[in-house]
Every structure is written in structure tokens, then in C-alpha cells.
Amino acid sequence: MHVNILAVGDVVGAPGLDFLCRRLRSLVRLKQIAFTVVNGENAALRGLTPADAEDIFSAGADVITLGNHTFGKSAIQPYLDDCPRILRPANLAPQNPGRGWGDFETSFGPVRVVNLIGRCGMDFHPDNPFLEMDRILKKDPPAVILTDMHAEATSEKLAMGYYLDGRVSAVWGTHTHVQTSDAGVLPKKTGYITDLGMTGPAVSVLGIAPEQSIEVFRGGPPRYYTAAPGACKLECAIFEIDPASGRCGSVEALRITE
């Protein structure tokens with residue numbers, strides 16, 4: 001028996017959140033998804049609010065993962081402690097609120113979801129994600145383990161994929177908002193994709209209005225980012241996993257558009 005596990009790329013702004021709420025449940029039914037993880041760290045562009053998180057759960061997510069904008073909205077901090085189904089990167093300093101991984105009961109058995117953040121090209125210095133993952137894997141792991149590696153560098157994500165090959169069920173990258181074409185199964189049967197992509201405005205620069213992003217690169221004064229208008233897309237990957245062994249049989253990258 002295999003089960004389908006869905007990982008959804010970073011939700012960007014109100015347009016992305018609205019599109020997720022309109023399309024996720026139909027996708028889950030169509031693809032017979034048994035468990036869904038959504039990266040929500042950009043739901044409020046920089047961070048997310050408790051209301052955003054509740055909307056993502058209502059849309060059909062089982063777990064929400066975050067990233068470098070985890071604390072972009074201060075209201076989320078007590079929510080991170082109160083809600084075990086939302087994860088911030090495990091390799092952030094331990095005094096931060098929330099948790100970086102969790103074990104979740106499902107219809108097909110326990111699932112561990114881990115949220116990590118990379119160190120290459122980021123604006124802060126988290127702990128080493130490779131060593132942190134070693135520590136997490138020592139804690140009575142179930143057969144099915146899913147890992148969101150929120151990172152800038154493709155090399156760091158690929159290295160994590162091969163490092164965890166055969167040790168976890170799936171590794172996917174988030175953060176860069178551009179879906180990569182390398183979805184597949186690594187030699188020791190771990191499912192992998194370097195980046196899921198994003199859920200948000202299709203005609204945009206990573207979800208942001210193109211003219212605003214262009215002006216930033218031209219050297220203009222800083223402004224608060226605004227989400228681009230227009231039609232949206234939902235980018236994701238489906239991992240077919242054997243819940244008994246935790247091994248991945250196939251990976252399918254998808255893009256749902258309006």
C-alpha cells in the first residue's frame with residue numbers, strides 16, 4: 001500500500017491564501033491525498049498571522065511550515081507555542097517560541113514533519129541544519145519522515161537531500177518561489193525536489209508586483225511590498241510513500257492555475 005502526501009509551496013499574500021482556500025480541497029480529493037503540508041511563511045507577505053494560519057488549516061492543511069519570515073508578524077509568537085500543527089525552523093535558537101518538528105497521527109500511522117532553514121545567503125545565522133537533523137532523527141523516529149528545507153542555495157538543498165537519502169521519506173525545498181524541474185526519487189528511495197515553487201500571483205516576481213520589484217533592483221527607495229494582482233497558481237509536489245517502510249516510490253510536481 002502507498003499513500004499520497006502533498007507538499008505545497010510558499011503561500012504569498014492575500015491572493016495566494018485565497019487561491020489556496022479555493023483549490024486545495026479539490027486537489028486533495030482529485031489526487032487522493034492522505035496528508036498535506038503547506039509552507040505559509042509569506043501568507044502576510046512577511047510572516048503570517050494567527051488568522052492566516054487558521055485559514056490555511058481550514059483550507060485543508062494538516063501541518064504548516066515556516067521559514068526566515070517566521071517572526072515577521074509578532075502576533076504569531078504565542079500561537080506558535082499553542083498550536084502543535086505549525087512548525088518554525090528547528091535549527092533556530094532554542095529560546096524562540098514554537099517547535100521545529102512534530103509527530104502527527106494519521107489514518108496510515110505516525111508521520112514526523114521537520115522544518116529546517118538553510119544558512120547560505122540568509123540574513124541571520126541559525127544552527128547547522130545537518131547536525132540538527134541528526135539530533136532529530138535520534139528521537140524514536142517513525143517510518144514516515146517529511147522535511148521542509150527552507151533555503152536560498154540549491155546546493156545546500158541538494159546536499160541535504162543526499163544527506164538524508166534513505167533516512168527520511170521526502171525532502172523538499174522552499175523559499176525561492178520558483179518550482180524546479182528535478183522532482184524524483186534519490187538512489188536510496190527518498191523523494192526530493194529542490195523547490196516546490198509558490199502559491200500566489202502568476203504574473204509577478206516571486207508573488208510581488210513586477211514594477212515594485214524592478215524599482216528595488218534599480219536602486220529606488222525601499223517600500224512595503226504588495227502582492228501582484230491577477231490570476232494565481234498553486235505549485236506543489238506529491239510524494240507516493242509506503243507507510244510501512246517510509247520509502248518513496250514516485251514524485252510528481254504540479255502547477256494548478258486559474
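Residues numbered from 1 in each chain as written. Predicted model: local features only at pLDDT ≥ 70, side-chain atom pairs only at ≥ 80, totals over all residues. Heavy atoms only, no water.

A. Inspection of the overall build of the protein chain at higher detail. Scanning the protein chain from terminus to terminus reveals six helices and 14 strands. For the protein chain, the C-alpha radius of gyration of 17 Å lies close to 18 Å, the compact-globule estimate for 258 residues. Counting only residues that meet the buried cut, the protein chain has 55% of its 258 residues in that class. Put simply, of all contacts in the protein chain between residues at least 6 apart along the chain, 64% involve residues at least 24 apart. About 10,900 Å² of surface is accessible on the protein chain, with carbon and sulfur atoms providing 52% of the total. Computed over 24 positive and 29 negative side-chain charges, the inter-centroid distance for the protein chain is 2 Å. (Helix = DSSP H or I, 4+ residues; strand = E, 2+ residues; numbered from the N terminus. Rg over C-alpha atoms; globule rule 2.2 N^0.38 Å. Buried < 20%, exposed > 50% of the residue type's maximum accessible area, 1.4 Å probe, protein only. Contact = heavy atoms within 4.5 Å. Areas by Shrake-Rupley, 256 points an atom, 1.4 Å probe, with all protein chains shown as cover. Lys, Arg positive; Asp, Glu negative; His and termini not counted. Charge placed at Lys NZ, Arg CZ, Asp CG, Glu CD.)

B. Structural view of helix 2 (residues 50–59). Among the residues of helix 2, Asp52, Ala53, Ile56, Phe57 and Ala59 are the ones counted as buried. Within helix 2, the buried residues cover an arc of 160 degrees as seen down the axis, which keeps them to one side. Against helix 1 (13–30), strand 3 (33–39), strand 4 (63–65), helix 3 (76–82) and strand 5 (86–87) lie the buried residues of helix 2. Positive backbone phi, approximately 130 degrees, marks Gly60, located one or two places after helix 2. (Arc of directions from axis to C-beta.)

C. Just the nonpolar core, in detail. Counting residues in each nonpolar core, the largest one holds 30 residues, and the members touching the most others are Leu20, Ile56 and Ile86. At the level of secondary structure, the elements contributing two or more residues to this core comprise strand 1 (3–8), helix 1, strand 3, helix 2, helix 3, strand 13 (232–241) and strand 14 (248–257). Ranked by residues supplied to this core, first place goes to helix 1 with five residues. Once residues within four sequence positions are removed from consideration, Ile86 is found in contact with Leu48, Ala53, Phe57, Ile64, Leu66, Ile76, Tyr79, Leu80 and Arg99. Counting 22 residues, the second-largest nonpolar core is a separate cluster that includes Val63, Leu87, Phe104 and Ile241. (Core = buried A, V, L, I, M, F, W, Y, C linked by side-chain atoms within 4.5 Å.)

D. Molecular detail of helix 5 (residues 154–164). Among the residues making up helix 5, those that are buried are Glu156, Lys157, Met160, Gly161 and Leu164. Projected onto a plane normal to the axis of helix 5, the buried residues spread over an arc of 140 degrees and lie on a single side. Facing away from the buried side of helix 5 by more than 90 degrees, the exposed set consists of Ser155 and Tyr162. Downstream of helix 5 by a residue or two, Gly166 has a phi angle that is positive, lying close to 85 degrees.

E. Representation of unusual backbone geometry. One non-glycine residue, Leu45, lies in the positive phi region at around 70 degrees. When you line up the elements, Leu45 lands in the loop between strand 3 and helix 2. In this structure, His177 is a non-glycine residue whose phi angle is positive, near 65 degrees. In this fold, His177 is placed in the loop between strand 9 (170–174) and strand 10 (184–185). For His177, a relative accessible area of 8% translates into the label buried.

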